[in-house]
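Residue strings, one per chain:
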Amino acid sequence: MNSNRCSKPLTVLLVLVLAVSAVGPATALSVSAADAPSEAEVGEEIETTFTLERPFSEYEEWTLNGETNLSDVTWTVKLYDQAGDKLDQQSYDGTSFNHSLEQSDAFEVEVVLEGTVTEVAAYSYDPAQQTLLAELNQVRDGGSSDTIDAWEFRPYTADSDEARTAIADAEQAIADADDSGADVSAAENTLESAVSAFDHGNFENAGNLASDAQESANSAQQSSQQTQMLLYGGLGLVALVLVVGAVFWYRSQQDDYDKLG
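Below is a short write-up of the structure.

Cut-offs applied
Counting of residues starts from 1 at the beginning of each chain's written sequence and follows it residue by residue. Selection of residues for local features in this predicted model requires a pLDDT of at least 70, selection of side-chain atom pairs for listing and counting requires 80 or more, and totals for whole chains, interfaces and linings are taken over all residues. Computation of side-chain values covers all heavy atoms of the structure but excludes hydrogens and water. Any Phe, Tyr or Trp ring, taking Trp's six-membered ring, that has another such ring centre within 6.5 Å forms a pair; planes under 30 degrees apart are called stacked, those over 60 apart edge-to-face, and the others tilted. Each helix is a run of DSSP H or I of at least 4 residues and each strand a run of E of at least 2, with the numbering of both proceeding from the N terminus. Burial classification: accessible surface area is computed with a 1.4 Å probe over protein chains only, and a residue below 20% of its type maximum counts as buried, one above 50% as exposed, and the rest as partly exposed. Note on pairing: DSSP must find at least two bridges between two strands before they are called paired. To obtain an axis, a line is fitted to C-alpha atoms, over the contacting stretch when the element is a helix, and the angle between two such axes runs from 0 to 180 degrees between their N-to-C directions. For this analysis, a polar contact is any N or O atom pair within 3.5 Å, provided that within protein one partner can donate a hydrogen and the other can accept it, and provided that sequence-adjacent residues contribute only side-chain to side-chain pairs. Between two residues, a contact is recorded if the distance between any of their heavy atoms is within 4.5 Å. Side-chain atoms within 4.5 Å are what join buried Ala, Val, Leu, Ile, Met, Phe, Trp, Tyr and Cys residues into a set we call a nonpolar core. Patch membership requires more than 30% relative accessible area and the absence of a salt bridge. Residues of like charge join within 9 Å; the nonpolar side chains Val, Leu, Ile, Met, Phe, Trp and Tyr join within 5 Å. The accessible surface values rely on the Shrake-Rupley method and a 1.4 Å probe; as for residues, cover is taken only from the protein chains in view. When a carboxyl oxygen of Asp or Glu is within 4 Å of a side-chain nitrogen of Lys or Arg, the pair counts as a salt bridge. Here Asp and Glu are counted as negative and Lys and Arg as positive; His is not counted, and neither are the chain ends. Taken as the charge location is NZ of Lys, CZ of Arg, CG of Asp or CD of Glu.

## Regarding the packing of aromatic side chains
All chains considered together, the criterion is met by seven aromatic pairs. Here the aromatic rings of Tyr123 and Phe198 are separated by 6.3 Å at their centres, their planes lie at 85°, and the arrangement is edge-to-face. Note that Tyr123 is positioned in the loop between β8 (108-116) and β9 (131-139) and Phe198 in helix α3 (residues 185-199), a separation of 75 residues in sequence. Taking the relative accessible area as the measure of exposure, Phe198 reaches 0% and is therefore buried. When the centroid spacing of 5.8 Å and the interplanar angle of 80° are considered together, the rings of Tyr125 and Phe198 count as edge-to-face. Here Tyr125 is found in the loop between β8 and β9, whereas its partner Phe198 is found in helix α3, with 73 residues between them in sequence.

Below is the structure:
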């Protein structure tokens, strides 16, 4: 009797816990990005769409803030209901915007970012330079703010990308030569100079040095292979001499045995 009375509240509690755990995550604010680039060329115009679902799951009123390092920027904020019908749309110009949101039938907020990739202030080979595509923030009454999410990408120019490719090719050549047992110290020193030139924005010099490093690595590998071939050839010759000597020795022993017989 007591056992049944105790088990019923426990069963109800378990059901409530499972229900809350199942519903909780599904009602939280979430964001996704469509066509967010991982890299883009300086001067290129890009467009990315960010989608926020269930914007009022935590707060009935708040301000959506957005920031970017792009130039010539236009933000377009669109509100949709659960059926996918558009409720409202508003556009903003500039590298940042603020859009007030109030509890409504809006189930989804779509932010379309259009802008141009700006010049790079400082380049870095490793880690590669990054710039802010967009940061979306939730600003509440009183000024407290939480970052919803942020996206970055690698900006580049034709010259910087060519130099980066040359350095990567040199790195691979050095790794291959090192695996073969070659001395790649000279190539590594030249590669370090190439990376330094890249980090200072001197891409032509970086590319030339990277090519020199690759040639040095390839030469070191060829020299190592030739040395190994000569070594193997010498060992083979020694083995052949030993075999021939053994044959002559065996035959001489046989001849001596025949004479004695």
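## What to know about the sheet that holds β9
Here we have five strands laid out as an open sheet, ordered β2-β10-β9-β4-β7, and mixed in their pairing. At either margin of the open sheet sits one strand with a lone partner, and together these are β2 (39-41) and β7 (96-102). Across the sheet, the mean angle from the axis of one strand to that of its neighbour is 25°, orientation sign disregarded. Bridging between strand β4 (residues 61-67) and β9 involves five bridges; their strand directions are antiparallel. Within β9, the residue paired with Gly66 across the bridge is Leu136.

## What about the side chain of Thr131?
Looking at the element boundaries, Thr131 is found in strand β9. For Thr131, a relative accessible area of 14% corresponds to the buried category. A polar contact of 3.2 Å, which involves the side chain of Thr131, links it to the side chain of Asn69. Each residue touching Thr131, except ones within four places of it in the same chain, is listed here: Asn69, Trp151, Glu152, Phe153 and Pro155.

## A look at the pairing of β4
Consecutive residues of a regular strand have side chains that alternate between opposite faces of the sheet. Pairing of β4 with β7, which is carried by seven bridges, proceeds in the antiparallel orientation. Directly across from Trp62, in β7, lies its bridge partner Leu101.

## Some points on the nonpolar core
Among the nonpolar cores identified, the biggest contains 51 residues, and Leu64, Val111 and Leu133 are the most heavily contacted of them. Those residues in contact with Leu133 that lie beyond four places of it in its chain are Ala36, Pro37, Ile46, Thr48, Phe50, Glu67, Thr68, Leu70, Leu113, Trp151, Glu152 and Phe153.

## Focus on the environment of Leu113
By the element assignment, Leu113 lies in strand β8. Between the alpha carbons of Leu113 and Glu47 there is a distance of 5.5 Å; along the sequence they are 66 residues apart. Those residues in contact with Leu113 that lie beyond four places of it in its chain are Ile46, Glu47, Thr48, Phe50, Thr68, Leu70, Val73, Thr74, Trp75, Leu133 and Ala134.

## Structural notes on a negative patch on the surface
A surface patch of negative charge is lined by Asp35, Glu41, Glu44, Glu45, Glu47, Asp72 and Glu114. Along the polypeptide, Asp35 turns up in the loop between β1 (30-34) and β2. Here Asp35 falls in the exposed class, since its relative accessible area comes to 68%.

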